[in-house]
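# Topology and contacts: notes
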Amino acid sequence: MRDRESPIDGSRRASPAAGQPSPTALTLYFAPGSSSMAPHIALHEVGEPFDARPVSFARHEQRDEAFLRINPQGKVPVLLVGTQALTEVAAILYFLAQRHPQARLWPHDDPIAQARVISWMSFLASTVHPARRQGIDHARRVWGLAERRLGEAPWAVGEFGIADIHLFRLFWRMRSSLHPSPQEFPALEAHHARMLERDAVRRTLAIESAIGYEVPA
Ligand SMILES: N[C@@H](CCC(=O)N[C@@H](CS)C(=O)NCC(=O)O)C(=O)O
(Lines give C-alpha, C1' and ligand atoms only; values in the text may rest on other atoms or scores of the structure.)
Protein backbone atom coordinates (compact mmCIF):
# COMPACT_ATOMS: atom_id res chain seq x y z
CA MET A 1 0.00 0.00 0.00
CA ARG A 2 1.30 3.42 -0.77
CA ASP A 3 0.23 4.71 2.62
CA ARG A 4 2.28 2.62 5.01
CA GLU A 5 0.24 3.47 8.10
CA SER A 6 -2.12 0.67 8.99
CA PRO A 7 -5.60 2.16 9.29
CA ILE A 8 -6.70 -0.60 11.64
CA ASP A 9 -3.86 0.01 14.05
CA GLY A 10 -5.62 2.24 16.59
CA SER A 11 -2.38 2.93 18.44
CA ARG A 12 -1.10 4.81 15.43
CA ARG A 13 -4.15 6.95 15.04
CA ALA A 14 -4.34 10.58 16.07
CA SER A 15 -6.35 11.33 19.19
CA PRO A 16 -10.01 12.34 18.74
CA ALA A 17 -9.07 15.88 19.69
CA ALA A 18 -6.57 15.89 16.86
CA GLY A 19 -9.26 14.77 14.42
CA GLN A 20 -9.63 10.99 14.63
CA PRO A 21 -11.71 9.75 11.71
CA SER A 22 -15.34 8.93 12.41
CA PRO A 23 -16.09 5.27 13.31
CA THR A 24 -18.23 5.10 10.19
CA ALA A 25 -15.75 6.72 7.77
CA LEU A 26 -15.15 4.67 4.63
CA THR A 27 -11.78 3.53 3.29
CA LEU A 28 -11.54 1.52 0.08
CA TYR A 29 -8.53 -0.66 -0.66
CA PHE A 30 -8.46 -1.23 -4.39
CA ALA A 31 -6.23 -2.40 -7.22
CA PRO A 32 -7.08 -0.67 -10.52
CA GLY A 33 -8.93 -2.95 -12.95
CA SER A 34 -9.51 -5.71 -10.40
CA SER A 35 -12.67 -6.82 -8.56
CA SER A 36 -12.44 -3.72 -6.41
CA MET A 37 -13.57 -1.64 -9.39
CA ALA A 38 -17.17 -2.61 -8.55
CA PRO A 39 -17.24 -1.10 -5.05
CA HIS A 40 -15.22 1.83 -6.37
CA ILE A 41 -18.02 2.53 -8.88
CA ALA A 42 -20.66 2.06 -6.18
CA LEU A 43 -18.95 4.59 -3.93
CA HIS A 44 -19.13 7.15 -6.72
CA GLU A 45 -22.76 6.19 -7.36
CA VAL A 46 -23.78 6.81 -3.74
CA GLY A 47 -21.67 9.96 -3.50
CA GLU A 48 -20.28 9.37 0.01
CA PRO A 49 -16.72 10.66 0.50
CA PHE A 50 -14.17 7.91 1.09
CA ASP A 51 -10.47 7.47 1.53
CA ALA A 52 -9.04 5.62 -1.48
CA ARG A 53 -6.00 3.39 -0.85
CA PRO A 54 -4.47 1.86 -3.98
CA VAL A 55 -2.87 -1.56 -3.51
CA SER A 56 -0.18 -2.38 -6.07
CA PHE A 57 -0.24 -5.97 -7.32
CA ALA A 58 3.02 -5.31 -9.20
CA ARG A 59 4.68 -4.59 -5.85
CA HIS A 60 2.76 -7.45 -4.17
CA GLU A 61 1.34 -5.02 -1.64
CA GLN A 62 -1.63 -7.38 -1.11
CA ARG A 63 0.89 -9.61 0.70
CA ASP A 64 2.19 -6.86 3.00
CA GLU A 65 1.77 -7.64 6.69
CA ALA A 66 -0.23 -4.44 7.17
CA PHE A 67 -2.69 -5.44 4.47
CA LEU A 68 -2.93 -9.07 5.64
CA ARG A 69 -3.97 -7.76 9.05
CA ILE A 70 -6.91 -6.10 7.32
CA ASN A 71 -7.75 -9.03 5.02
CA PRO A 72 -5.90 -12.29 5.76
CA GLN A 73 -6.92 -13.53 2.29
CA GLY A 74 -4.67 -10.88 0.74
CA LYS A 75 -7.34 -9.81 -1.73
CA VAL A 76 -9.11 -6.64 -2.75
CA PRO A 77 -11.62 -5.19 -2.40
CA VAL A 78 -11.70 -4.29 1.26
CA LEU A 79 -13.96 -1.57 2.55
CA LEU A 80 -13.19 -0.32 6.04
CA VAL A 81 -16.15 1.12 7.89
CA GLY A 82 -14.31 2.90 10.64
CA THR A 83 -12.07 0.03 11.72
CA GLN A 84 -14.37 -2.82 10.59
CA ALA A 85 -13.29 -4.56 7.41
CA LEU A 86 -15.83 -5.71 4.84
CA THR A 87 -14.64 -8.06 2.09
CA GLU A 88 -16.26 -9.63 -1.01
CA VAL A 89 -17.69 -7.50 -3.78
CA ALA A 90 -21.26 -8.67 -3.19
CA ALA A 91 -21.21 -7.83 0.52
CA ILE A 92 -19.66 -4.40 -0.01
CA LEU A 93 -22.12 -3.51 -2.76
CA TYR A 94 -25.01 -4.65 -0.56
CA PHE A 95 -23.72 -2.58 2.36
CA LEU A 96 -23.40 0.59 0.25
CA ALA A 97 -26.86 0.10 -1.25
CA GLN A 98 -28.40 -0.28 2.22
CA ARG A 99 -26.50 2.67 3.60
CA HIS A 100 -27.67 4.92 0.78
CA PRO A 101 -31.26 4.03 -0.09
CA GLN A 102 -31.57 7.34 -1.97
CA ALA A 103 -29.09 6.01 -4.54
CA ARG A 104 -31.67 3.35 -5.51
CA LEU A 105 -29.13 0.58 -6.00
CA TRP A 106 -31.32 -2.05 -4.32
CA PRO A 107 -35.03 -2.94 -4.76
CA HIS A 108 -35.95 -2.07 -1.18
CA ASP A 109 -39.67 -2.88 -1.44
CA ASP A 110 -39.64 -5.99 -3.60
CA PRO A 111 -38.53 -9.28 -1.99
CA ILE A 112 -38.61 -11.20 -5.27
CA ALA A 113 -36.43 -8.62 -6.99
CA GLN A 114 -34.10 -8.72 -3.96
CA ALA A 115 -33.76 -12.50 -4.32
CA ARG A 116 -33.05 -12.09 -8.04
CA VAL A 117 -30.29 -9.58 -7.30
CA ILE A 118 -28.76 -12.06 -4.83
CA SER A 119 -29.09 -14.77 -7.47
CA TRP A 120 -27.18 -12.63 -10.02
CA MET A 121 -24.50 -11.70 -7.50
CA SER A 122 -24.02 -15.35 -6.44
CA PHE A 123 -23.80 -16.44 -10.08
CA LEU A 124 -21.25 -13.71 -10.82
CA ALA A 125 -19.08 -14.45 -7.78
CA SER A 126 -19.20 -18.24 -7.86
CA THR A 127 -19.50 -19.08 -11.57
CA VAL A 128 -18.47 -16.13 -13.74
CA HIS A 129 -15.51 -14.72 -11.83
CA PRO A 130 -13.62 -18.03 -11.48
CA ALA A 131 -14.47 -19.19 -15.04
CA ARG A 132 -11.39 -17.73 -16.74
CA ARG A 133 -9.10 -19.91 -14.60
CA GLN A 134 -10.75 -22.97 -16.16
CA GLY A 135 -9.76 -21.98 -19.67
CA ILE A 136 -10.94 -19.70 -22.45
CA ASP A 137 -13.54 -22.14 -23.82
CA HIS A 138 -15.11 -22.59 -20.41
CA ALA A 139 -15.10 -18.82 -19.83
CA ARG A 140 -16.87 -18.23 -23.15
CA ARG A 141 -19.51 -20.85 -22.28
CA VAL A 142 -20.15 -19.21 -18.92
CA TRP A 143 -20.39 -15.75 -20.52
CA GLY A 144 -22.91 -17.29 -22.92
CA LEU A 145 -25.03 -18.17 -19.87
CA ALA A 146 -24.75 -14.59 -18.60
CA GLU A 147 -25.75 -13.34 -22.06
CA ARG A 148 -28.90 -15.50 -22.03
CA ARG A 149 -29.68 -14.57 -18.49
CA LEU A 150 -29.58 -10.85 -19.27
CA GLY A 151 -31.50 -11.29 -22.51
CA GLU A 152 -33.28 -8.20 -23.81
CA ALA A 153 -33.46 -6.48 -20.42
CA PRO A 154 -31.61 -3.17 -20.02
CA TRP A 155 -30.56 -4.02 -16.46
CA ALA A 156 -29.97 -7.27 -14.59
CA VAL A 157 -33.08 -6.91 -12.40
CA GLY A 158 -35.67 -4.22 -13.09
CA GLU A 159 -33.99 -0.86 -12.52
CA PHE A 160 -30.24 -0.24 -12.48
CA GLY A 161 -28.62 -1.59 -9.31
CA ILE A 162 -25.72 -3.37 -7.65
CA ALA A 163 -25.95 -6.50 -9.82
CA ASP A 164 -25.29 -4.27 -12.86
CA ILE A 165 -22.17 -2.83 -11.28
CA HIS A 166 -20.86 -6.31 -10.49
CA LEU A 167 -21.72 -7.59 -13.98
CA PHE A 168 -20.14 -4.56 -15.65
CA ARG A 169 -16.78 -4.96 -13.96
CA LEU A 170 -16.49 -8.64 -14.86
CA PHE A 171 -17.55 -8.09 -18.47
CA TRP A 172 -15.25 -5.04 -18.78
CA ARG A 173 -12.37 -7.25 -17.67
CA MET A 174 -13.32 -10.14 -19.97
CA ARG A 175 -13.59 -7.76 -22.96
CA SER A 176 -10.09 -6.47 -22.37
CA SER A 177 -8.58 -9.95 -22.09
CA LEU A 178 -10.57 -12.16 -24.52
CA HIS A 179 -11.58 -9.45 -27.04
CA PRO A 180 -14.91 -11.02 -28.05
CA SER A 181 -16.45 -9.79 -31.29
CA PRO A 182 -19.38 -7.38 -30.78
CA GLN A 183 -21.73 -10.08 -32.12
CA GLU A 184 -20.69 -12.73 -29.61
CA PHE A 185 -22.42 -11.20 -26.58
CA PRO A 186 -24.77 -8.48 -27.92
CA ALA A 187 -26.85 -8.12 -24.75
CA LEU A 188 -23.76 -7.80 -22.58
CA GLU A 189 -22.21 -5.34 -25.05
CA ALA A 190 -25.35 -3.18 -24.87
CA HIS A 191 -25.27 -3.37 -21.07
CA HIS A 192 -21.60 -2.38 -21.08
CA ALA A 193 -22.35 0.62 -23.32
CA ARG A 194 -25.23 1.65 -21.03
CA MET A 195 -22.93 1.46 -18.01
CA LEU A 196 -20.32 3.64 -19.73
CA GLU A 197 -22.92 6.42 -19.91
CA ARG A 198 -22.93 6.68 -16.12
CA ASP A 199 -20.81 9.39 -14.49
CA ALA A 200 -19.77 7.08 -11.64
CA VAL A 201 -18.44 4.51 -14.09
CA ARG A 202 -16.56 7.05 -16.20
CA ARG A 203 -15.08 8.66 -13.12
CA THR A 204 -13.92 5.34 -11.69
CA LEU A 205 -12.34 4.27 -14.98
CA ALA A 206 -10.54 7.62 -15.29
CA ILE A 207 -9.14 7.37 -11.75
CA GLU A 208 -8.08 3.74 -12.06
CA SER A 209 -6.50 4.08 -15.52
CA ALA A 210 -4.57 7.15 -14.34
CA ILE A 211 -3.07 5.07 -11.50
CA GLY A 212 -2.41 2.21 -13.94
CA TYR A 213 -3.84 -1.26 -14.37
CA GLU A 214 -1.69 -4.04 -12.94
CA VAL A 215 -4.02 -6.95 -13.60
CA PRO A 216 -2.91 -9.58 -16.16
CA ALA A 217 -3.95 -8.83 -19.78
N1 LIG B 1 -14.63 -13.35 -4.24
C2 LIG B 1 -13.85 -12.14 -4.07
C3 LIG B 1 -12.75 -12.11 -5.12
C4 LIG B 1 -11.69 -11.10 -4.81
C5 LIG B 1 -10.49 -11.32 -5.69
O6 LIG B 1 -10.29 -12.40 -6.28
N7 LIG B 1 -9.62 -10.30 -5.77
C8 LIG B 1 -8.44 -10.42 -6.58
C9 LIG B 1 -8.42 -9.33 -7.67
S10 LIG B 1 -9.71 -9.57 -8.86
C11 LIG B 1 -7.21 -10.20 -5.72
O12 LIG B 1 -7.21 -9.38 -4.84
N13 LIG B 1 -6.14 -10.94 -6.01
C14 LIG B 1 -4.89 -10.77 -5.36
C15 LIG B 1 -4.23 -12.06 -5.06
O16 LIG B 1 -4.92 -13.10 -5.10
O17 LIG B 1 -3.03 -12.03 -4.76
C18 LIG B 1 -14.76 -10.91 -4.18
O19 LIG B 1 -15.83 -11.01 -4.79
O20 LIG B 1 -14.41 -9.87 -3.64
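Counting from 1, residues in each chain are numbered in the order their sequence is written. Predicted model: local features are reported for residues with pLDDT of at least 70 only, side-chain atom pairs are reported and counted for 80 or more only, and whole-chain, interface and lining totals are derived from all residues.

For two strands to be treated as a pair, DSSP must find at least two bridges joining them. Only runs of H or I of at least four residues qualify as helices and only runs of E of at least two qualify as strands under DSSP, and these elements are numbered from the N terminus. Ordered in space as 2-1-3-4, the four strands form an open sheet in which the pairing is mixed. Edge strands, defined here as strands with exactly one partner in the open sheet, are strand 2 (51-54) and strand 4 (84-87). Going across the sheet, the axis of each strand differs from the next one's by a mean of 20°, ignoring polarity. Sheet topology places strand 1 (residues 26-30) next to strand 3 (residues 78-81); four bridges connect them, and they run antiparallel. Note on definitions: angles span 0 to 180 degrees between N-to-C directions of axes, and those axes are lines fitted to C-alpha atoms, for helices only across the stretch in contact.

Restricting attention to buried positions, one finds in helix 7 (residues 186-196) the residues Leu-188, His-191 and Met-195. All buried residues of helix 7 project into a common sector of 60° when viewed along the axis, lining one side. Residues of helix 7 that are exposed and point over 90 degrees away from its buried face: Ala-193 and Leu-196. Two residues qualify as a contact pair if the distance between their C-beta atoms, derived from the backbone, is within 7 Å. Turning to helix 7, the residues buried within the fold contact helix 5 (136-150), helix 6 (162-178) and helix 8 (199-211). Residues are called buried when their C-beta atom has 20 or more other C-beta atoms within 10 Å, exposed when it has 12 or fewer, and partly exposed otherwise; all C-beta atoms are positioned from the backbone. Directions are taken from the helix axis to each C-beta atom, and the arc is the one they span.

Okay, unusual backbone geometry next. Following Val-76, the chain continues into Pro-77 via a peptide bond in cis, with omega recorded as 5°. Along the chain, Pro-77 falls in the loop between helix 2 (65-70) and strand 3. Even without a glycine there, the phi angle at His-60 is positive, about 55°. For His-60, the position within the fold is in the loop between strand 2 and helix 2.

If you want to describe how two helices pack, look at the angle between their axes and the distance between the axes. Direction vectors running N to C along helix 3 (residues 89-99) and helix 6 enclose 145°, while the axes themselves pass 10 Å from each other. Of the two possible hands of crossing, helix 3 and helix 6 adopt the one that is right-handed. For the pair formed by helix 3 and helix 6, the contact residues are Val-89, Ala-90, Leu-93, Tyr-94 and Ala-97 on the first element and Ile-162, Ile-165 and His-166 on the second. Any residue that is not Ala, Val, Leu, Ile, Met, Phe, Trp, Tyr, Cys, Pro, Asp, Glu, Lys or Arg is counted as polar, Gly included; the first ten are nonpolar and the last four charged. Tallied by class, residues from the contact of helix 3 with helix 6 come to seven nonpolar, one polar and no charged. Each crossing gets its handedness from the near helix: less than a right angle anticlockwise from the far helix is left-handed, clockwise is right-handed.

Glancing now at the packing of helix 5 against helix 7. One can describe the packing of helix 5 onto helix 7 by two numbers: an axis separation of 8 Å at closest approach and a directional angle of 70°. Judged by the inter-axis angle, helix 5 sits roughly perpendicular to helix 7. Listed contacts from helix 7 to Ala-146, Glu-147 and Leu-150 of helix 5 are Ala-187, Leu-188 and His-191. Broken down by class, the residue content of the contact of helix 5 with helix 7 amounts to four nonpolar, one polar and one charged. To sort the angles, those under 35 degrees are grouped as roughly parallel, those over 145 as roughly antiparallel, those from 65 to 115 as roughly perpendicular, and the leftovers as oblique.

What follows covers the pairing of strand 2. In this structure, strand 1 lies alongside strand 2, joined through four bridges in parallel fashion. By the bridge assignment, Leu-28 is partnered in strand 2 with Ala-52.

Formed by 49 residues in total, the largest nonpolar core has its most connected members in Ala-42, Leu-93, Ile-162 and Ala-163. Element by element, the count of residues in this core is highest for helix 6, at eight residues. Where each domain starts and ends comes from a domain assignment, either automatic or drawn from a database. Residues from two domains meet in this core; each of domain 1 (26-102 + 201-211) and domain 2 (105-198) gives at least three. Apart from residues no more than four positions distant in its own chain, Ala-42 is found in contact with Leu-93, Leu-96, Leu-105, Ile-162 and Ile-165. Linking buried Ala, Val, Leu, Ile, Met, Phe, Trp, Tyr and Cys residues through C-beta atoms within 7 Å yields a set, and such a set is a nonpolar core.

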